[in-house]
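Structural description and commentary
Now for the letters of each chain:
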4 protein chains.
Amino acid sequence: MGSTAQPRRGGDTRQRIQDVALELFAEQGYEKTSLREIAEHLDVTKAALYYHFKTKEDIVISLFQDLARPVDELIAWGESQPQTLEVKKEVLRRYSDSLAAAAPLFRFMQENQATMRDLSVGETFKSRMLRLLELLQQPEGTMSDRVRCFTAIFTMHAGMLALRDVEGDPEEKQEAILEVATDLMVRSQGVTE
Amino acid sequence: MGSTAQPRRGGDTRQRIQDVALELFAEQGYEKTSLREIAEHLDVTKAALYYHFKTKEDIVISLFQDLARPVDELIAWGESQPQTLEVKKEVLRRYSDSLAAAAPLFRFMQENQATMRDLSVGETFKSRMLRLLELLQQPEGTMSDRVRCFTAIFTMHAGMLALRDVEGDPEEKQEAILEVATDLMVRSQGVTE
Amino acid sequence: MGSTAQPRRGGDTRQRIQDVALELFAEQGYEKTSLREIAEHLDVTKAALYYHFKTKEDIVISLFQDLARPVDELIAWGESQPQTLEVKKEVLRRYSDSLAAAAPLFRFMQENQATMRDLSVGETFKSRMLRLLELLQQPEGTMSDRVRCFTAIFTMHAGMLALRDVEGDPEEKQEAILEVATDLMVRSQGVTE
Amino acid sequence: MGSTAQPRRGGDTRQRIQDVALELFAEQGYEKTSLREIAEHLDVTKAALYYHFKTKEDIVISLFQDLARPVDELIAWGESQPQTLEVKKEVLRRYSDSLAAAAPLFRFMQENQATMRDLSVGETFKSRMLRLLELLQQPEGTMSDRVRCFTAIFTMHAGMLALRDVEGDPEEKQEAILEVATDLMVRSQGVTE
DNA sequence: CATGAATGAGGATTCATTCAT
DNA sequence: TATGAATGAATCCTCATTCAT
């Protein structure tokens, strides 16, 4: 179903597999997407997929490697900065952008957590979240503060998918989400001035 | 957990299927839990499951029917009340309780959204969420207000599972979550008053 | 392809699977015999095989369990007897019978040793051989004696298959083999007498 | 085993394929050794193997051609000699050496007989064995004599592998085996002399 | 109320092989 | 000499489901 019937020559097959896989994984879930299906969408044989990826899980892993880098860099940056409010705001701002850029992947993650859990890459992801949290939290915060902080991050994740089928302009939504998240984070920093 | 090891004779098989199924679905996900597995946990044959439920999906549906009722009642109650702040707070309070009571089911839902989506019961659930949102929202709120409101609900869902592997006393956590959620909702009601 | 087209009713399927499997394994080797092939020979689905055996290897294991028992009993008997020459001769005699009774299985083993090696049941089998050897050997025999003894056993194994496509009446062959084996064993018992 | 780690440039690839293939075939069996595996061990692509050998079976055939020659020469020599006892002993002695020299190949054959059977080269091998037997046998021997003779040869084959995981110095073992084999053969020559 | 036996469809994965470059 | 990319056929195995008993 490409524009022409002949196999596109060029070294792009690996990339195309990733694209289609992400699309289908996000749409139908990991388990319900078979390699046959992916192959058919690409007009290739299942075996061709195995030339490029050792296993189905490997495809997911590769997806994460490509798209988690921005977050890793963000965390690294955050950890190298002083823990000021301004830095924390910037972290959220950048995180918002990362999420927007990798929207389908994050949607996939959010909607397939049960699967993620035993997908090896899951642990990796969870630990990233924890480091992000650390970046934002006050060490001696109350439980509510911690919840606020964690909600700040989670709001963005949830926003990615739950607001999809709500009204409004995407950019506006993203901004609103960031605003709420920032607000939550700020309020979690304790009564201090 | 019968007093002796022998299979309980009596009409509780259906219930036991639901219990085990919920446990396994929540733990491993819907697709990765096979009827064989459920049957084995119960020391019954797969065929026995089919005596009690027409299909695998039917088990999930029955789970929802039992556990969604409280939420339905909550929504009905909310819709019958005036839209005061106090009522809205009460809605959140009760919703928090419902979630706590049905924790495994909600965890299951949260972690298997991709699956839920084509499980017929999915739509049902989304619409419930929307009615709940409606209950809390100001009609003419800004986008940020809407996000806040929606985050209030989502915080509770997320808290269910994400705080599981964080520190602290469960009850304290639940309260903190409710507090943050209420706060978010209150702040979404506009500058008024 | 049974005499009639309808599925034979009766609890014999498991047995029939074993029969056909053994036949095909012996004829073509383990790896080259697919479950599809076995199923086709039985006019059943592959899935039916999995109802009766958890895995392909399980079929082999079951084959061994049924047929190794005589050998186990023989070893047990031998170990309970005094180590006289007469007993040792009897051991060989009985072993010869066991082999004749389980000829196809032993042929299978002999011809698929590479496969046996990682078939879990292989170890089991090797250890049986060693105990059998122990039964026949003089503790302080020379190396040649040990080789003779071991050859006595091996002759029988080899005879099973190698003499198949050589001339002569089966019974006569079996007897000749037993004679040679016994002779070898006797000569291995040291200069004594 | 090149002095450095870099791939040996030079025309020895074909040889290296044979070496690695034989090693893996002997270790794991023919069917369980994939061309991918062989290629990986050599740090080459599968396609490279196909430059040197038309097919997987071709590799085995080439292995046999290289290593069966000594046996062929031995047989030819034997057939050109008078059928004296001394010649027969010499045949066994030389055969023992051939086996020792080509141990892995013979181990491979012994352990993969089922596979050999439809590997085209199988027949060839069996016929060699028969000619060898002819060389040693008395035409009018009894069945026991024939068995003895055949056991003489088989002892050596079996010794190759079965004594591997028994005790003792390899050379000593080989000698013991040859001694027993010779003894068997001698005893098969009839009461005469 | 439940089992024993089976099915059909489909899953991921692996293999020997090919061919243009 | 070799590789990169791909294929087609087959593999073992699992699943939800059915039905006579």
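Going by what an unreviewed UniProt entry lists, chain A is known as TetR/AcrR family transcriptional regulator and is assigned to Streptomyces niveus.

Once that is clear, we can look at the protein's contact with DNA strand E. What surrounds DNA strand E is a group of 34 residues, the closest being Tyr50 of chain A, Thr45 of chain B together with Thr45, Tyr51 and His52 of chain C. Among atoms of DNA strand E positioned within 4 Å of the protein, sugar and phosphate together represent 64%. In the environment of DNA strand E, a phosphate oxygen lies 2.2 Å from a nitrogen or oxygen atom belonging to the side chain of threonine 45 of chain C. Note that a phosphate oxygen of DNA strand E is positioned 3.0 Å from one of the side-chain N or O atoms of arginine 36 of chain D.

Of the transformation placing chain C onto chain D, the axial shift is 0.1 Å and the rotation is 180 degrees, giving an RMSD of 0.1 Å. Such a combination of turn and shift is consistent with a two-fold rotation axis. Rotation axis and chain C: the residue whose C-alpha lies nearest the axis is asparagine 112 of chain C, separated from it by 2.8 Å. Comparing contact sets, 100% of the residues at the interface of chain C also lie at the interface in chain D, consistent with an isologous, same-surface contact.

This paragraph deals with the interface of chain B and chain A. Accessible area lost when the parts come together is the quantity often used to give the size of an interface. Listed per partner, the contact involves 41 residues of chain B and 41 residues of chain A. Interface area for chain B against chain A, summed over the two sides, is near 3400 Å², with a carbon-plus-sulfur share of 57%. Summed over the shared surface of chain B and chain A, the result is 8 salt bridges. Arginine 148 of chain A is paired through a salt bridge with aspartate 183 of chain B; the nearest N and O atoms lie 3.0 Å apart. Breaking the side of chain B that touches chain A down by element, the ones donating at least two residues are α1 (13-28), α6 (103-111), α7 (113-117), α9 (143-162) and α10 (170-187) of chain B.

Core analysis: the biggest nonpolar cluster contains 116 residues, and Tyr95 of chain C together with Tyr95 of chain D have the highest contact counts within it. When residues of this core are assigned to their parent elements, the largest contribution, 11 residues, is made by helix α9 (residues 143-162) of chain C. Not counting chain neighbours up to four residues away, the residues in contact with tyrosine 95 of chain C comprise Val71, Leu74, Phe106, Met129, Leu132, Ile153, Met156 and His157 of chain C. The next biggest cluster of nonpolar side chains, apart from the first, holds 115 residues, and it includes Leu35 and Val87 of chain A together with Tyr95 and Ile177 of chain B.

About the cut-offs
Residues numbered from 1 in each chain as written. Chains lettered and ligands numbered in written order. Predicted model: local features only at pLDDT ≥ 70, side-chain atom pairs only at ≥ 80, totals over all residues. Heavy atoms only, no water. Near = heavy atom within 4 Å. Polar contact = N/O pair within 3.5 Å; in protein donor to acceptor, adjacent residues only side chain to side chain. Least-squares fit on C-alpha atoms with pLDDT ≥ 70 in both. Contact = heavy atoms within 4.5 Å. Buried area = accessible area lost by both parts, 1.4 Å probe. Salt bridge = Lys/Arg side-chain N within 4 Å of Asp/Glu carboxyl O. Helix = DSSP H or I, 4+ residues; strand = E, 2+ residues; numbered from the N terminus. Core = buried A, V, L, I, M, F, W, Y, C linked by side-chain atoms within 4.5 Å. Buried < 20%, exposed > 50% of the residue type's maximum accessible area, 1.4 Å probe, protein only.

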